[in-house]
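# Results of the structural survey
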Amino acid sequence: MMFKPRIIGFICNWSLPTEVDIASSNRISGYPKIRIVRVKCIGRIDPAIVLETFVKGADGVLVIGCPPPDCHYIEGNLQAERKIKMLKEFLSLTGLEPERLGLEWSYPFEIERFARIINDFRNKVTVLGSSPLAGERPDMDILLNIKAAKAAVEDFRLRVLVGREIELTEKENVFGEKISQEEFDALLYETIRVEFIRHKIHLLTKEKLMSIKEIASITNMKPCLVLRHIVNMRRKGMITLDHVEKTTPLYKALEVQ
Amino acid sequence: MTAVCRVFKNKRKLPPCRAACPADVNVQGYIALLQQGKFKESVELIRKSMPFPAICGRVCFSPCQDACSRKNVDQPVGIRYLKQLAANIEREQGRIKSDPIPKTHSEKVAIVGAGPAGLSAAYELAKLGYPVTVFERMPEPGGMMRYGIPDYRLQKYVVANEIAYIQDLGVKIKTGVEFGKDINLDTLRNNGYKAILIANGAQQSRKLRIPGEDLEGVFHAVEFLRHVALGKTVDVGEKVAVVGGGNSAIDAARTSLRLGAKQITVLYRRSRNEMPALPHEIEAAEEEGIKFHFLVAPKQIIGEGGRVKAIECLRMELGEPDASGRRRPVPIQESEHIYEVDTVIPAIGQLSETSYLPSILLDERARTISVDPLTLETKIPSIFAGGDIVTGPASIIEAVGAGKRAAVSIDRYLNGKDLRRGREEEIEETTWVKDREAITKKLERYTAPHVDAGRQKVSFEEADELLAKIKEVAMFEARRCLECGPCTECLESEELCEADKAVVDETLCTGCNVCVLVCPFGAINKDENGLAKVDEDLCKGCGVCSASCPERAISMQRFTAAQIMTDVVTALGREFT
């Protein structure tokens, strides 16, 4: 039997072709080859929702909104674009192919374009095959990574950074300073990496007490780097030293407030 | 000491377009539906507030468009063109029919005059389940929409269709029945009509009251246009002078052109800026070669052998502003000059025929009926009046507004309810529009292509393509709307979109300011404690704040993250093909 990818399309009210919309009586509609979840604005798609959709076993997630600069909510589509950019970076860290996440623009009168977008995306996902998270026995390493990414996008630091992007790159702060898009992107990617690894350590030590060496081997990092993260996480109250076994300190995750 | 009576007014927050509309049409709502390409649903939404989408789409003076906030950015949204287009597209498959509404009331209502005021009152009352009969003097219903506005602006079939829709609902229209001759207030009452609405408009032209006005070749505008609409032949000759600067004057001038006149001059006693006619009508008239002479007023019409030969005019200059706020024209001494003409069409306003009405109802000086401005009740209970007969010559949309108000009053009166309670309104305009760059990035305004009689012939395939193109342009134009009103304003119908709003959990908010930055509408601000506060009038429910809030303190009232996940799980659970 041919592989039928399970794709969720998050599509905004204002870009969904009329023909498709009228055929559906509620928010969830079946367009051939894809399942559509209609949202008011794609800017409303919390990054955590996308990652959770992958956890639930979707083979692909396609987000479709109105082409900028057009947006019913002025710039909701641009907000979504930033979040998708961040998510793709996260996916490349988790081992799940970033191509499984797509962002496209379409107008409600472009039914043919809409069909083409969906076909192309579906073909791409078909080539990638079934998601390692789908089915009865998901890949536990990738699952853990996705969960770490999800915890990271739910945390304060990245959300503030992404939320402030326009302010930081387009407007000056009170000191008359402005940072370039390149500087911002570098900062964002660095933060993504750091947040991802910290939340991964957090999840690992939540399951069982772990030493730095153990963590280093699982995360494939130098122990000294792991230690640096742990020092930082202790300061933030994410982790604590549980006890020292012989000469090895064992760490335990704390519930983050 | 006088007792102080506190009046409780209904407070409503509306976008400027709807606040400006005398008939309270949900402009933002139907524009939002057009943005999604839902042309039919859009017209249905208009019909909830009035029965004439196609007519108003063509000839309304569109106060909504004048009030549009978009004018502060570039140009207002082309609301009237959009309405016209939506109504045209709805008609693609023929006339829209409606099922009759069951009569749930037994009290009969009589309406005198099948013009915009009378018909909208009939429409509203029929929707409420009253048996309504409309009496019309002319052979066809429609009033000024049929006999006043010329065919090139408003085609007769458009009027006929929209009236047929009202008749579908169960409204009876009896034509050829003249009020004051065939029927009067007493006969109507004796025939069992429990409430009467007088809405027979202003059907007589105001006279110039200068010598020579009774010569052959002088046609007063209203009668002239009515004659043409009735299909009677009117010989206007070659040279026509139209006196006046309102829409009737332009209508008369452009109609004369279509009757074969070669040289048409509009004489107006003030300057162009004071002209009450619609600007695009004046432009169209000029394009057709009609000349305008400003600051001239007729002194006398000169005849020869009982026929018009010339019109003698005086030059004017503008003096102090008068009661209408426009500068009063003052004649310049010894400035007489003569235009040689075959026809003179005075179009200086209209009056109502009130001689057959009991004098207690009337404001004799103005020749109108005096009513309570809120309830439209006259001095005689059970008798209501609305439209031009109350206001003097006004517009279709104002008449529709009056008809709607009269319908509410009649319903209350027949149910023995207070006519006034809760009807006074205090309207506050909401708009979020500030000088933000993002909105100026939006697309340029689209002006509807001017379709003239000499239409090109296109094949079926071309026509389909053309229609798709037009729909596309219309969607773009609708997307220029800035959504000034709150989210609930946008789409009244919840099946089509769910109204939503952001809710802040104050125990989680840390006042980080991200929501204030991401909200495109400036709907979130800090309160006195430094916490986020959502302005419900400005929140459109898009959810960008909720998706960005670092503390996840903002959630959407209806469309929560949990709800989206439930939808995702349901969607994943269905079979994929």
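Residues numbered from 1 in each chain as written. Chains lettered and ligands numbered in written order. Predicted model: local features only at pLDDT ≥ 70, side-chain atom pairs only at ≥ 80, totals over all residues.

## So, the overall build of chain A
Test applied: A run of H or I in DSSP counts as a helix once it spans at least four residues, and a run of E counts as a strand once it spans at least two, with each numbered from the N terminus. Exposure is read from a count of other C-beta atoms within 10 Å of each residue's own; the residue is exposed at 12 or fewer, buried at 20 or more and partly exposed in between. C-beta atoms are placed from the backbone. What counts as a contact here is a pair of residues whose C-beta atoms, placed from the backbone, lie within 7 Å.
Of regular secondary structure, chain A possesses 10 helices and seven strands. The principal-axis extents of the C-alpha atoms in chain A amount to approximately 70 × 60 × 30 Å. A total of 257 residues make up chain A; the buried ones form 45% of that total. Relative to all contacts within chain A whose residues are 6 or more apart in sequence, the contacts with residues 24 or more apart total 69%.

## Here's the deal with the sheet that holds strand β9 (residues 291–294) of chain B
Residues and elements named next belong to chain B. What counts here: Two strands pair under a simple rule: DSSP has to find at least two bridges between them. Where helices are involved, their axes are fitted lines through C-alpha atoms of the stretch in contact, as for all axes, and angles between N-to-C directions lie from 0 to 180°.
Taken together, the four strands give an open sheet; going across it, the order is β9-β8-β7-β14, and neighbouring strands pair in parallel fashion. Only two strands of the sheet have a single partner each, and these edge strands are β9 and β14 (343–346). With strand direction ignored, the average angle separating the axes of adjacent strands in the sheet is 20°. Alignment of strand β7 (residues 239–243) against β14, held across four bridges, turns out to be parallel. Along β14, the bridge assignment pairs Val 243 with Pro 346.

## Overview of the interface of chain B and chain A
Filter applied, for reference: Polarity classes work like this: nonpolar for Ala, Val, Leu, Ile, Met, Phe, Trp, Tyr, Cys and Pro, charged for Asp, Glu, Lys and Arg, and polar for all others, with Gly in that last group.
Facing 43 residues of chain B, the contacting portion of chain A comprises 46 residues. When contributions to the side of chain B that touches chain A are tallied by element, the ones reaching two or more residues are α16 (437–440), α17 (460–478), α19 (514–518), α20 (544–548) and α21 (561–573) of chain B. Of all the elements, α21 of chain B adds the most residues to the side of chain B that touches chain A, at nine residues. Looking at the side of chain B that touches chain A, its residues break down into 22 nonpolar, nine polar and 12 charged.

## Structural notes on the environment of Gly 244 of chain B
Residues and elements named next belong to chain B. Examined against the element boundaries, Gly 244 turns out to sit in the loop between β7 and α12 (247–258). Distance from Gly 244 to Tyr 268, taken between C-alpha atoms, is 5.0 Å for residues 24 residues apart in sequence. When near neighbours in sequence (up to four residues on either side) are disregarded, Gly 244 contacts Ala 249, Tyr 268, Pro 346, Ala 347 and Ile 348.

## Focus: unusual backbone geometry
At Ile 74 of chain A, a position not held by glycine, the phi torsion is positive, near 65°. Mapped onto the elements, Ile 74 of chain A comes out in the loop between β4 (60–65) and α3 (76–94). By the C-beta count within 10 Å, which is 26 here, Ile 74 of chain A ends up buried. Of note, Asp 24 of chain B is a non-glycine position whose phi angle comes to about 55°, a positive value. Tracing the chain through its elements places Asp 24 of chain B in the loop between α1 (16–20) and α2 (27–35).

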